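Analysis of the macromolecular model
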Amino acid sequence: NTDVQFVPDLFELHTTKMRLTEVAGMPFISVREAALSGAGRIVKRTFDLVLTSVGLVVLVPVFVALALAIKLTSRGPVLYRQPRVGRDGREFGMLKFRSMRLDAETQSGPVWTVENDPRVTAVGRLLRRWSLDELPQLWNVLRGDMSLVGPRPERLVFVEKFTQEMPRYFERHRVKSGLTGWAQVNGLRGNTSIEARTLYDLHYVENWSVWLDIRILLMTVNHILRGDNAY
């Protein structure tokens, strides 16, 4: 007789809607309910609106100072609007303070930023080091395009590429994109593993809670101060 053993694909198992549990030594597979639905979405939206409204009022002087710094040191607009893919695959215009030259992708096309990227302006380097270039996304949160916490949005060209390469990648779009996310506060920011980032994003999608959002926001402050993969 031949002893045949089957090793399950942990990525597939983790990112499906199935939950594996054990009762009295017997394994049971059940359908996992979406953590963020119905009342959960209302709670999360209320949480976003309250914090974002306060944040926008408090940060007005910071916005003015950053806008002046960008305008006085480089040619081009203060804000940069880029199409990103959000919940359910819908595109929206994500706002950022411009941190690169106007011709940043003229020759290269859509590419990720790398460490010591020559396309980044002097002020832009400061903005990116402290994640200040992301602050205009508070307006995206207020509009309902994004949430304070969720999987970071990508451009369509990357979403299409990763969806073809990775099983269940698109399931991260079951919730709104976030200004910060579970993957980012676990060190997966910038030019890091897409597979690992997707796993963390899907963990967030399946296990959302207000307390998890609060934890991620507090961890985000710590990571900004440390400057992890900020370039």
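See the structure above.
Everything quoted here is computed from the prediction, not taken from an experiment. (Residues numbered from 1 in each chain as written. Predicted model: local features only at pLDDT ≥ 70, side-chain atom pairs only at ≥ 80, totals over all residues. Heavy atoms only, no water.)

With that out of the way, let us pick up the overall build of the protein. The helix and strand inventory of the protein stands at nine helices and six strands. Looking at the protein residue by residue over its 231 residues, the buried ones come to 42%. Long-range pairs, those at least 24 residues apart, make up 69% of the contacts in the protein between residues at least 6 apart in sequence. When the accessible area of the protein is evaluated, it comes to approximately 13200 Å², of which 62% is carbon and sulfur surface. (Helix = DSSP H or I, 4+ residues; strand = E, 2+ residues; numbered from the N terminus. Buried < 20%, exposed > 50% of the residue type's maximum accessible area, 1.4 Å probe, protein only. Contact = heavy atoms within 4.5 Å. Areas by Shrake-Rupley, 256 points an atom, 1.4 Å probe, with all protein chains shown as cover.)

Ranked by internal contacts, the top residues of the largest apolar core, which has 24 residues, are Ile70, Phe97, Leu127, Trp182, Tyr204 and Ile216. Of all the elements in the fold, those that place two or more residues in this core are α3 (60-73), β4 (91-97), α4 (122-129), α5 (137-143), β5 (146-149), α7 (182-185), α8 (194-207) and α9 (210-226). Sequence-distant contacts of Leu127, defined by excluding residues within four places in its chain, comprise Leu66, Ile70, Phe97, Arg98, Leu132 and Asp133. Formed by seven residues, the second largest nonpolar core is a distinct cluster that contains Val85, Phe162, Met166 and Ile194. (Core = buried A, V, L, I, M, F, W, Y, C linked by side-chain atoms within 4.5 Å.)

Attention shifts here to the pairing of β4. Counted residue by residue, β4 has five buried out of seven residues, so it is predominantly covered. In the sheet, strand β3 (residues 79-85) pairs with β4 via seven bridges, with the strands oriented antiparallel. Looking at β4, one finds that Gln82 is bridged to Met94. Adjacent in sequence and paired antiparallel, β3 and β4 are bridged by five residues, among which Asp88 carries a positive phi angle near 60°. (Pairing = 2+ DSSP bridges.)

At a minimum axis separation of 4 Å, helix α2 (residues 39-58) and α3 run at an interaxial angle of 55°. Between α2 and α3, the angle is such that the two are oblique. Between α2 and α3, the contacting residues are Leu56, Val57 and Val58 on the first element and Val60, Pro61 and Phe63 on the second. Along the lines of polarity and charge, the residues of the contact of α2 with α3 split into six nonpolar, no polar and no charged. (Axes fitted to C-alpha atoms, helices over the stretch in contact; angles between N-to-C directions. Parallel < 35°, antiparallel > 145°, perpendicular 65-115°, else oblique. Nonpolar A, V, L, I, M, F, W, Y, C, P; charged D, E, K, R; others polar.)

Glancing now at the pattern of salt bridges. On inspection of all chains with the given rule, the structure shows 13 salt bridges. For Glu171, the salt bridge identified is with Arg174, shortest N-O distance 3.3 Å. We classify Glu171 as buried; its relative accessible area is 14%. Several salt bridges converge on common partners, so that one network encompasses Lys96, Asp133, Glu134 and Arg152. (Salt bridge = Lys/Arg side-chain N within 4 Å of Asp/Glu carboxyl O.)

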